[in-house]
Amino acid sequence: MAIRMILPSRNNPVLLTAAILLGTSMAQAQPTDLALALDRTESARTVRNLQILLAHHVEAGDWAAAAELFAPDATADWNGETVKGRAAIRADLQRRLGGGGAKGDLHTILALSPVVTLAPNGDHARARWHEVGLFGGAGVTDNWTGGIYENSYVRQHGQWRIAGLSYRPQFKGSYAQGWRNAVPDLKVTPYHYEAATVGAPATLTAAPGSKAPLLAPAELAARARRLADEDAVRNLQNSYGYYVDRRMWDDVVDLFAPDGSYASAEIGSYVGPAAIRAALEREGPAGLAHGDLNDHILTNLLVCVAPDGRTARARGLDFGWTGNNAGKAWWSLTLFDNLFEKAGNVWRLKAVRQYPRMRTDSRTSWDAGLQPTPAPGRAPDAAAPAEPTLIASCPAPAAAGPLDPAEARARIDAAAASVAIDNASNAFGNYIDDFEWANLSKVFTRDGLREAPGVGFYRTPERIFRMQSTRYGKLASPRTNIPIHARIQPVIHVSADGQSAHFRVRLMQFNSALASSGGVMGGIYEDQARLEDGVWRLSFVEIDHYLQTRGYADLWTNVPEGLGQRMLPNVGALRDFPPDAPLVGEVAAPYPAVGKMWFHYANPVSGRRPPLMTPKTQGVRSGSPEESGQ
């Protein structure tokens, strides 16, 4: 089972027209034919998966497979150094990303925060990505790297390929010293998208006269069902990660089938609820104690649903930030390749399978080897399974009974919405990084609410623009500091009527500077979006920061009490411009104290409600999960 990069070719493709892509009024856009809507939705998601698959091939050191993801005449531009053609790209990828070159060396790129735009003709696409790289081995000087891709993609003979890779570095550095800015003046990497339309779903952006592929009703139904299943599995996998972060072991165990299993190459395989709980508790008892950090950041996620729609696989990376303020800070990297099954209409975990790549404390190089974790309090039931092959292709879904056209439309539109909402969410983070306050305000609805941390909420794009401009000012020149807001690990629930959504994303923030090593921050957004004039826009954005660090040397150790409150940015600048609504949730990052944490959804398998469930304060949010059917 795997992600297939082949989709039906389109009939009579229309030439890409920038005027259509950027200039058509979304308020006048009309829903496309069902088959065309399906094709465009699958294409946008395939482009996203294509880039993630490249990251998996890099992690595996399979440079030939990585090069095959590129078009025959593709180019790779590394900040002005360009190569062309698959053979040259293969050699260049291995040289640049191959670590020290020995077996077991670390060469990992985390593909983050995609903004994927499908062209009106359906055969071209653009995507912007953040990347964090982790490299190790003899002769490697840059153990850390970070930058932005603005890539192009093309569909040739029904198959999507990377047409152009364009990378601009932001930071780099050694394991011992940490990362710093890669260049003296960090220029803004131009955006391929427009703020006003970045959240337009692919179903509404086809060129006039686009021809739909010919699909039998049974095939259309099967592919529409698969889109919904993929999103359900993705939400389940990402929810698993959030529960593990907080050591919510009851909720983690709830996600498993009764005969489910948890396996790690380090400790073996544990079967059934009691054994799974014992394996989980090697990380500590339920809940976080003062000073604990247990972040398991999930990235590079690929989902493949089996042809019968009853089982699935999800493969990705777990980037761990763990430890204790009074103890050690640990980095870890673990490949996971998990199995899922559907019971009735509910997806649940069948098997968690983990394969550690790196684990080291912050004072030791990850080249020193995998440092052990505590063993569970009971023996395993079996040895851990061998690492499965990479998800590289995914069989087509088996023909199924036809769907009512309205139900098929709802499933396709919800799948397209998940990409569009993620686009708007990630564009919002990009605009924060680059002090693009006018563009940031355009990704909000006309009555949208944006939290100013430590101050309150501002309503409407006009007031959000004024708040951001007043508080943070203009982009510095030269730019020697940057806060990189990667909004990742989405759990997106689109309402039954397809007009609104609640979604959760993680903030993984890498701060970088020219004169000193950088640090990290962590937070959780519980946001809302709404379809307005044919574009998904943010209607409510609220952040609970939970981690603020002082720099690379200590990371999340030796953090003084109240640091988050003291490091709130320029609260006084808004003294004469009061907010429209008060703060809700955490005012500032509480670490090393354990902050409160809200969820907009109940456990997706058991229905267990979290201790704290949004909305946090009635009258501030534009709706509640109950009101939107979540």
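**Student:** What should I look at first to understand the packing of helix 2 (residues 34-60) against helix 5 (residues 217-245) in this one?
**Tutor:** Two quantities define a packed helix pair, namely the angle between the helix axes and the distance between the axes. Interhelical geometry of helix 2 versus helix 5 gives an angle of 35° and a closest axis separation of 11 Å. You can see that helix 2 and helix 5 cross each other, and the crossing is left-handed. Listed contacts from helix 5 to Leu 34, Ala 35, Leu 38, Thr 41, Glu 42, Arg 45 and Arg 48 of helix 2 are Leu 220, Arg 223, Ala 224, Leu 227, Glu 230, Asp 231 and Arg 234. Its residues assigned to classes, the contact of helix 2 with helix 5 comprises six nonpolar, one polar and seven charged.

**Student:** Mind showing me how you'd approach the packing of helix 5 against helix 8 (residues 405-433) here?
**Tutor:** One way to put it is that helix 5 packs onto helix 8 with a least axis distance of 9 Å and a crossing angle of 40°. Between helix 5 and helix 8, the angle is such that the two are oblique. Where helix 5 crosses over helix 8, the two elements pack in a sense that is left-handed. Where helix 5 approaches helix 8, its residues Leu 220, Ala 224, Arg 225, Leu 227, Ala 228 and Asp 231 are matched on the opposing element by Ala 408, Arg 411, Ile 412, Ala 414, Ala 415 and Ser 418. In terms of residue class, the contact of helix 5 with helix 8 is made up of eight nonpolar, one polar and three charged.

**Student:** What's the story with the nonpolar core in this structure? I'm lost.
**Tutor:** Looking at soluble globular proteins, one finds that nonpolar side chains tend to be buried together. The biggest cluster of nonpolar side chains holds 72 residues, and the ones touching the most others in it are Trp 144, Tyr 240, Phe 319, Trp 321, Trp 331, Phe 510 and Trp 556. Filtering out sequence-adjacent residues up to four positions away, Trp 331 remains in contact with Trp 144, Tyr 175, Phe 319, Gly 320, Trp 321, Met 358, Arg 359, Thr 360, Ser 362, Tyr 552, Leu 555 and Trp 556. Counting 38 residues, the second largest nonpolar core, distinct from the first, contains Ala 44, Leu 54, Phe 135 and Leu 390.

**Student:** I'm lost on the sheet that holds strand 9 (residues 268-271) in this one. Help?
**Tutor:** The strands that make up a sheet pair up through hydrogen bonds in the backbone, lying either parallel or antiparallel. With mixed pairing, six strands are arranged side by side in an open sheet as 9-8-13-12-11-10. Because the sheet does not close on itself, it has two edges, and the strands there are strand 9 and strand 10 (292-305). Looking at each pair of strands side by side, their axes are set apart by 20° on average, direction ignored. In this sheet, strand 12 (residues 329-343) lies alongside strand 11 (residues 311-324) in antiparallel orientation, the contact comprising 13 bridges. By the bridge assignment for strand 12, Gly 320 is matched with Ser 332. Packed on one face of the sheet, helix 2 meets strand 10, strand 11, strand 12 and strand 13 (346-361) and runs near 115° to strand 10. Its contacts with the sheet put helix 7 (residues 273-280) on strand 8 (256-264) and strand 9, and the angle it makes with strand 8 is roughly 35°.

The rules behind these values
- Residues numbered from 1 in each chain as written.
- Predicted model: local features only at pLDDT ≥ 70, side-chain atom pairs only at ≥ 80, totals over all residues.
- Heavy atoms only, no water.
- Axes fitted to C-alpha atoms, helices over the stretch in contact; angles between N-to-C directions.
- Helix = DSSP H or I, 4+ residues; strand = E, 2+ residues; numbered from the N terminus.
- Left-handed = near helix turned anticlockwise from the far one by under 90°.
- Contact = heavy atoms within 4.5 Å.
- Nonpolar A, V, L, I, M, F, W, Y, C, P; charged D, E, K, R; others polar.
- Parallel < 35°, antiparallel > 145°, perpendicular 65-115°, else oblique.
- Core = buried A, V, L, I, M, F, W, Y, C linked by side-chain atoms within 4.5 Å.
- Buried < 20%, exposed > 50% of the residue type's maximum accessible area, 1.4 Å probe, protein only.
- Pairing = 2+ DSSP bridges.

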